[in-house]
There are 6 protein chains.
Amino acid sequence: MINPPPDVVVDDLIRRALEEDLGRAGDLTSAALIGPEARASGRIVARRSGRLAGLPFALRVFRFLGGVETRPLRRDGEDTGAGEALAELEGSARAILAGERTALNLLGHLSGIATAAAEAVARVAGAQARIVDTRKTTPGLRALEKYAVRCGGASNHRFGLDDGILIKDNHLRACPSIAVAVAAARAAAGHMVRVEVEVENLDQLGEALQAGADAVLLDNMTPSELRVAVAEVAGRCLTEASGGIGLEDLTAVAETGVDLISLGWITHSAPRLDVALDLD
Amino acid sequence: MINPPPDVVVDDLIRRALEEDLGRAGDLTSAALIGPEARASGRIVARRSGRLAGLPFALRVFRFLGGVETRPLRRDGEDTGAGEALAELEGSARAILAGERTALNLLGHLSGIATAAAEAVARVAGAQARIVDTRKTTPGLRALEKYAVRCGGASNHRFGLDDGILIKDNHLRACPSIAVAVAAARAAAGHMVRVEVEVENLDQLGEALQAGADAVLLDNMTPSELRVAVAEVAGRCLTEASGGIGLEDLTAVAETGVDLISLGWITHSAPRLDVALDLD
Amino acid sequence: MINPPPDVVVDDLIRRALEEDLGRAGDLTSAALIGPEARASGRIVARRSGRLAGLPFALRVFRFLGGVETRPLRRDGEDTGAGEALAELEGSARAILAGERTALNLLGHLSGIATAAAEAVARVAGAQARIVDTRKTTPGLRALEKYAVRCGGASNHRFGLDDGILIKDNHLRACPSIAVAVAAARAAAGHMVRVEVEVENLDQLGEALQAGADAVLLDNMTPSELRVAVAEVAGRCLTEASGGIGLEDLTAVAETGVDLISLGWITHSAPRLDVALDLD
Amino acid sequence: MINPPPDVVVDDLIRRALEEDLGRAGDLTSAALIGPEARASGRIVARRSGRLAGLPFALRVFRFLGGVETRPLRRDGEDTGAGEALAELEGSARAILAGERTALNLLGHLSGIATAAAEAVARVAGAQARIVDTRKTTPGLRALEKYAVRCGGASNHRFGLDDGILIKDNHLRACPSIAVAVAAARAAAGHMVRVEVEVENLDQLGEALQAGADAVLLDNMTPSELRVAVAEVAGRCLTEASGGIGLEDLTAVAETGVDLISLGWITHSAPRLDVALDLD
Amino acid sequence: MINPPPDVVVDDLIRRALEEDLGRAGDLTSAALIGPEARASGRIVARRSGRLAGLPFALRVFRFLGGVETRPLRRDGEDTGAGEALAELEGSARAILAGERTALNLLGHLSGIATAAAEAVARVAGAQARIVDTRKTTPGLRALEKYAVRCGGASNHRFGLDDGILIKDNHLRACPSIAVAVAAARAAAGHMVRVEVEVENLDQLGEALQAGADAVLLDNMTPSELRVAVAEVAGRCLTEASGGIGLEDLTAVAETGVDLISLGWITHSAPRLDVALDLD
Amino acid sequence: MINPPPDVVVDDLIRRALEEDLGRAGDLTSAALIGPEARASGRIVARRSGRLAGLPFALRVFRFLGGVETRPLRRDGEDTGAGEALAELEGSARAILAGERTALNLLGHLSGIATAAAEAVARVAGAQARIVDTRKTTPGLRALEKYAVRCGGASNHRFGLDDGILIKDNHLRACPSIAVAVAAARAAAGHMVRVEVEVENLDQLGEALQAGADAVLLDNMTPSELRVAVAEVAGRCLTEASGGIGLEDLTAVAETGVDLISLGWITHSAPRLDVALDLD
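Residues numbered from 1 in each chain as written. Chains lettered and ligands numbered in written order. Predicted model: local features only at pLDDT ≥ 70, side-chain atom pairs only at ≥ 80, totals over all residues. Heavy atoms only, no water.

Trainee: Lay out the domain arrangement of chain A in plain terms, naming residues and giving numbers.
Mentor: Residue and element names in this part refer to chain A. Taken domain by domain, chain A consists of domain 1 (7-116 + 271-279) and domain 2 (122-268). For domain 1 versus domain 2, the distance between C-alpha centres works out to 36 Å. Contacts between the two partners involve 16 residues from domain 1, matched on the other side by 14 residues from domain 2. When domain 1 packs against domain 2, close to 1100 Å² is buried across both sides, 74% of that on carbon and sulfur atoms. Interface area lost by domain 1 to domain 2 is led by Leu13, Ile113 and Ala116, which between them contribute 38%. Here domain 1 is connected to domain 2 by 0 salt bridges. Scanning the region where domain 1 abuts domain 2 turns up 4 residue pairs in polar contact (both at pLDDT 80 or more). Counting residues per element, the ones that place at least two in the side of domain 1 that touches domain 2 are helix H1 (7-22) and helix H4 (93-123). If one sorts the elements of the side of domain 1 that touches domain 2 by residue count, H4 sits on top with 6 residues. (Domains from an automatic or database assignment. Contact = heavy atoms within 4.5 Å. Buried area = accessible area lost by both parts, 1.4 Å probe. Salt bridge = Lys/Arg side-chain N within 4 Å of Asp/Glu carboxyl O. Polar contact = N/O pair within 3.5 Å; in protein donor to acceptor, adjacent residues only side chain to side chain. Helix = DSSP H or I, 4+ residues; strand = E, 2+ residues; numbered from the N terminus.)

Trainee: Please provide a residue-by-residue account of the interface of chain E and chain F, values included.
Mentor: Each side of the interface is counted separately: chain E has 60 residues, and chain F has 60 residues. Both sides of the chain E and chain F interface together cover about 4800 Å² of buried area, and 58% of this is carbon and sulfur. Where chain E touches chain F, the interface holds 4 salt bridges. We note a salt bridge from Asp21 of chain E to Arg142 of chain F, for which the minimum N-O separation is 2.5 Å. Linking chain E with chain F are 28 residue pairs in polar contact (both at pLDDT 80 or more), by the criterion used here. Elements with a minimum of two residues in the side of chain E that touches chain F: helix H1 (7-22), helix H2 (28-33), helix H4 (93-123), helix H5 (142-151), strand S7 (165-167), helix H6 (169-172) and helix H7 (178-188) of chain E. A total of 7 residues in the side of chain E that touches chain F trace back to one element, the largest contributor, which is H1 of chain E. Grouping the constituent residues of the side of chain E that touches chain F by class yields 29 nonpolar, 15 polar and 16 charged. (Nonpolar A, V, L, I, M, F, W, Y, C, P; charged D, E, K, R; others polar.)

Trainee: Would you mind going over the packing of H4 of chain A against helix H5 (residues 142-151) of chain A in detail, with residue names and values included?
Mentor: Packed helix pairs are specified by the crossing angle of their axes together with the interaxial distance, meaning the distance between the axes. Residues and elements named next belong to chain A. Contact pair H4 / H5: the axes reach a minimum separation of 7 Å and the direction vectors enclose 45 degrees. In terms of axis orientation, H4 runs oblique to H5. At the point where H4 passes H5, the crossing takes the right-handed sense. Side by side, H4 and H5 meet where Leu106, His109, Leu110, Ile113, Ala114 and Ala117 of the first sit next to Leu144, Glu145, Ala148, Val149 and Cys151 of the second. (Axes fitted to C-alpha atoms, helices over the stretch in contact; angles between N-to-C directions. Parallel < 35°, antiparallel > 145°, perpendicular 65-115°, else oblique. Left-handed = near helix turned anticlockwise from the far one by under 90°.)

Trainee: Got a sec to walk through helix H9 (residues 223-233) of chain A? Specific residues and values, please.
Mentor: All names here are of chain A. What H9 keeps buried is the set Leu226, Ala229, Val230 and Val233. Here the buried residues of H9 occupy an arc of 100 degrees about the axis, which is enough to place them on one side. Next to the buried residues of H9 lie helix H8 (202-211), strand S9 (215-219), strand S10 (238-242) and helix H10 (250-254). Just beyond H9, the residue with positive phi is Ala234, at close to 50 degrees. (Buried < 20%, exposed > 50% of the residue type's maximum accessible area, 1.4 Å probe, protein only. Arc of directions from axis to C-beta.)

Trainee: With reference to specific residues and values, describe the state of the cysteines.
Mentor: Residues and elements named next belong to chain D. Evaluated as defined, the whole model comprises 0 disulfides over all chains. Of the cysteine sulfurs around Cys237, a residue in no disulfide, the closest is that of Cys175, at 18 Å. By relative accessible area, which is 10% here, Cys237 ends up buried. (Disulfide = S-S within 2.5 Å.)

Trainee: An account of the relation of the copies chain E and chain F is requested, with residue identities and associated values reported.
Mentor: When chain E is fitted to chain F, the best match, at an RMSD of 0.0 Å, comes from turning it 180 degrees and sliding it 0.0 Å along the axis. Taken together, the rotation and translation describe the operation of a two-fold axis. By residue overlap, the copies meet face to face through one surface: 100% of the interface positions of chain E are interface positions in chain F. (Least-squares fit on C-alpha atoms with pLDDT ≥ 70 in both.)

Trainee: How would you summarise the packing of aromatic side chains if you had to cite specific residues and measurements?
Mentor: Tallied over the full model, the rule gives 6 aromatic pairs over all chains. Ring geometry for Phe57 of chain A against Tyr147 of chain A: centres 5.4 Å apart, planes inclined by 50 degrees, an arrangement best described as tilted. On the criterion of sequence distance, the pair formed by Phe57 of chain A in helix H3 (residues 55-60) and Tyr147 of chain A in helix H5 is long-range, its members being 90 residues apart. Residue Phe57 of chain A shares its accessibility class with Tyr147 of chain A, and that shared class is buried. One cation-aromatic arrangement involves Lys146 of chain E over Phe159 of chain E; the distance from NZ or CZ to the ring centre is 5.3 Å. (Phe/Tyr/Trp six-rings, centres within 6.5 Å; stacked < 30°, edge-to-face > 60°. Lys NZ or Arg CZ within 6 Å of the ring centre and 35° of its normal.)

Here's what the structure looks like:
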């Protein structure tokens, strides 16, 4: 049910990844040792448990190489246990070996992010807070990494600087007041765009509420500070806790009643999920 | 002294990363709040200590946006302490804010890899073993990530399937013997290409030595098994330990006398180095 | 003050437009008749009055050809009278002639859109309604055409299917109720994304308001129907009039009190503003 | 029978148009409200009468999205009445909705041009004059727009600066005489390239004829001036009337006996043909 | 005076050529042995005599690498003797070595073609015949190779299937007569496009003349057959001799009085001109 | 059995070659004379004998055009006699004619290289020397041309500056000694990379052997000098003869006992193999 990025976006990345691994000469080892007609079959398996993301992209790699039938056994957004088979492959041995590393790199990277996101989501279960991502993504992979976040059960913040307004302290320095900033933002932006304001204390929070912000980003606040801020907001806009929040802090932050908790590390520091290709 | 990938490779990634962050409309917030003539200055700083990689690429981002002067204060391959300034920026406030996230994402990602590599290298100091990377890299970023590995003081294994021959168990199944495989590889490959053979036990090791392999990959062996293998090889070819070797295992593995220790996690699971842009 | 699309977006279009006009052999006529060292100077002029958009892009064309100095005399978003000079050019005669048509095509096309938008905006002056564009743009030029709309004083609706939610009748058929649809949209989308619902009558309007839509698109309603709808909404969400609204209808529609009036024709059917290059 | 541009040209535009509309996240609304297995069917219909161009490209859009069967009911170059169905679609509801706007924008834009061209052609029926287009096209769409001109029954002038020689007043200033210019052009250009000279009066016309021009462009002449010029030429070369000729002027211009009438507005200012997608 | 292809065409090729030679890791040897600040100077020299083409492109290579000043000593279209210096380079030693091979490959390849063309032109000196090229070019390099032909003093035939009409025997089989074919071609093509007909005997030649062809391609005829054909044409259209004409046949063919002699081998089989880079 | 470059590399070249030949308007002649439903069949034939390379790529061209079935009759790496059929085509007449030239240019160019390589290989039959190529390839076609070399029975030297280390005289000037250079190269490069040193006399040869080079390039030596050098090396590393070695020199050079003979002319100066398309 989780919507993947458009094929035109994914295919471009796959093509570049294959070019990067196959280089100018292709797979020298297979070319030397395996006949063009040789066939193989196998399964992509998880070596550790985690949340899946990117399996359709991993299988799509083999469409660029030709001669391989693939069958997914699991779906993105599901949990896998260690040792479980995720997909079956059958076809040209050369093509399977040529695509193996590219496919696994995609799947392992995105599932690592989904797994990190899912762990964060599990910590806030029961609270109303949603986990959201940031723009701290790997250059060139944002659309896929934000999809992996959704596979982990978390939500997406802005995709870029162009689809939402987030007024930060650097912007405020250029403006006489938060009220002026929010008004200027509303006037300049389209009506489909929401305006969020970063605040560092209760004074700024009061100003942002007065100015009619759609959301406030409560930056680097302790749980007790967050609790006061949430009470102050009293439902008048969305509240987002942000800044240096680790996995172990999540329960305490969620209990403050904030609507959103943004975490950079689910995209920028998630370790890879260990996946492998087992040939028969 | 560490050679970066060619500009034509780096520029393509920067362009895509900017397109990804600026989208179709550019930075809505700055457009609304900051005048086109406004100027700003600031410094890229490290929030944590680590090994630097990617600083020239991060600064190059601003050449695509125009109107920003940049001055590096440190070099890739150097260590930074927490709080140190890495570069100075001065110029168009809009351009600085538009490029901030793309620049930091590049620098933080690559420095994270360099830092992980440097930690691994530090563990084997004194031994003859070199730390090497793998092809387990983020799709589309291999050339940059392998450069970050070099900044960390480690070395590069193959860049792709086309610039070295690594005969794995999957290939050996298609051949009558290791000797036949190595001979076929030599015949097919150019004379600048080295041939490495993955072996799982002493029998295979003996075969590979007999066949004249340039290197052997000793897969998933314990330190004591590695020690026996190294003794068996006795300098006749390079020895590479590989497979599930963590940071804490490195000293023991290095003491076995292997020439190379390959580590996937320095590229695929290195957490980002925390870097930020502080405006004046 | 109007923010143009990022250079990386504009440059790609300019490059393709030049390739399209110069082809494989370049400008045969100039090559035959004009020496490589010949110089020329001239002015881009408006042959008709209108609102300017795209002048910086038109001048940027000559940076791809080299050897031409350009100086803008006017700014995007300003009105020009017939016969006014918009920019001065000086430099290589071959380069000026090679870029002339591409530059003028860009400027004339975008200024035509800005002029149409400005005419629409002028008709609703005094009312609170904002004129907004649609996704009915020329394939491949959306970012530039939406910028031209802003130069005309109008605002942008969604840039694409990915930066806002607009629930239309086709979507509602797949849902049990508007309430269910809005709730599903809120759950799936990020918190920066607004939700707008297309309604065709007062019953649907009531449902959308109940469901908490951020905006309602009032489709194909007469001014008197719009007036009733606006009263019903009573400020609880934004109201957008849409569907077959021509220039002559705008005053009546604006007087109904709607917040937004969306017009496809300002992008898809605006005639070109007549601009030319006069050489000295 | 009218030859479309090569698929490699068209596909590139479709890909960029889809990227532009789907962005990084794809169709948020459909993803939230419509299941991945949901199916839909419908028809592309004309809301107004006109000449068709671009229907195969519009249907080709859905091949990039997958899971949609398309069946054209009409052909490019045919006339449609208001309300007529042009094609049938059946398949994935998500894919149909994702491609709808891109497909309609292509079809509406190109059919608008074909309709304008067909109107111009109708005005000169009976005369020998052919209607031809210019290089005043939308940047990046020339090949498709010139195809639409052909669908309208008109003919193409040069595709670019490289496939024909048109000596204008700016070129003549750099040459001692028209005779010298034509001779230089012949010497420099290949034998497949024709040479046309822009003339503004009978003196220049005489020179051009003397010089052996293949065609003369009679710039901004009144019908009576054109008539004199045509008599002077007496069939020795092709005659083209050009410059500010509107729909209402066409009959008079055609009656002067010119061979060609070039019109910029059929490409640069043609309003879109209103087309829509009606789902069942 | 010979017009090079547009920079946008040339730059794309240079970028791909550099990517091809530098790969993912850049110049390993220079990186290991030469410091980033080391400087070098030298000259591009011709090792054999010949006609120059591509020198500006060769020097342009170094602009992509940065840090190198280049100064051309000769111009494209001039003859060089063996041992002559063609350009001077001064700057970053790493950049000079990184670009050396790409620059020399471009210059040597194109100068080889220019030299072959110049030899052919020399053989027909005194006759009225022009040497023209064909579409038998290296895939991806047509614009540059046709420019090299012009540097050799020869002329260009069609650049592609889209900028001229050449009716061959395969087309004629699908038509009732040459007259019908020429008429259909005229009707379908723009007025700037010339129509040439391939004929194999005098009957076909008569038909083509009757049909009003702009040129006739006399395929695989002996000099005496050509002489008869030229007499038959008597200046009514251009005559082109084509098919298996070698360097040694040129004088005899030219003496028949044909207007054009097309040679595939000047592009598809010209040996490279030996050029080298001599460092100080 | 000879491994072709990856499809992603080949397809990019085919697409550019088709764009180059079809231009903006496609095949004007076929469009005018041949109906869209017309069918044709034929065979690609060799007009001269030679070694085949590129047949699969030539046939792949027609997949980009659609509607053509192709059947190879021969394989790359096989010899063809003059007049032999290499492949059969059947399908859309327009598509066959549109792809004809691009397909033949690819096949003729690559088969020309394979034929030159095969001739060189034949001259050294019986000796242990392998013929190897250089980086003197046509810009943009290296991967395909090096594949053609393999089809000719020869071997590939480095694919680029990044997959092997070749220390030339220019590098040595920047180093105190060959020993220092080789040690620096080993330290900087990965363990899969081989180090070759260019030597010009016996002193340098001794140094290179001492330094542990994997191979030595014996530059511009006479057969008798080569013989002395080979004796000196005595199997301690690979020996490569290079520099101005023509076809007629090969037997003498091979008899010196060198391991490798590198030849630039098999890629940069090989005449095209004459191939054609015969329609039924």
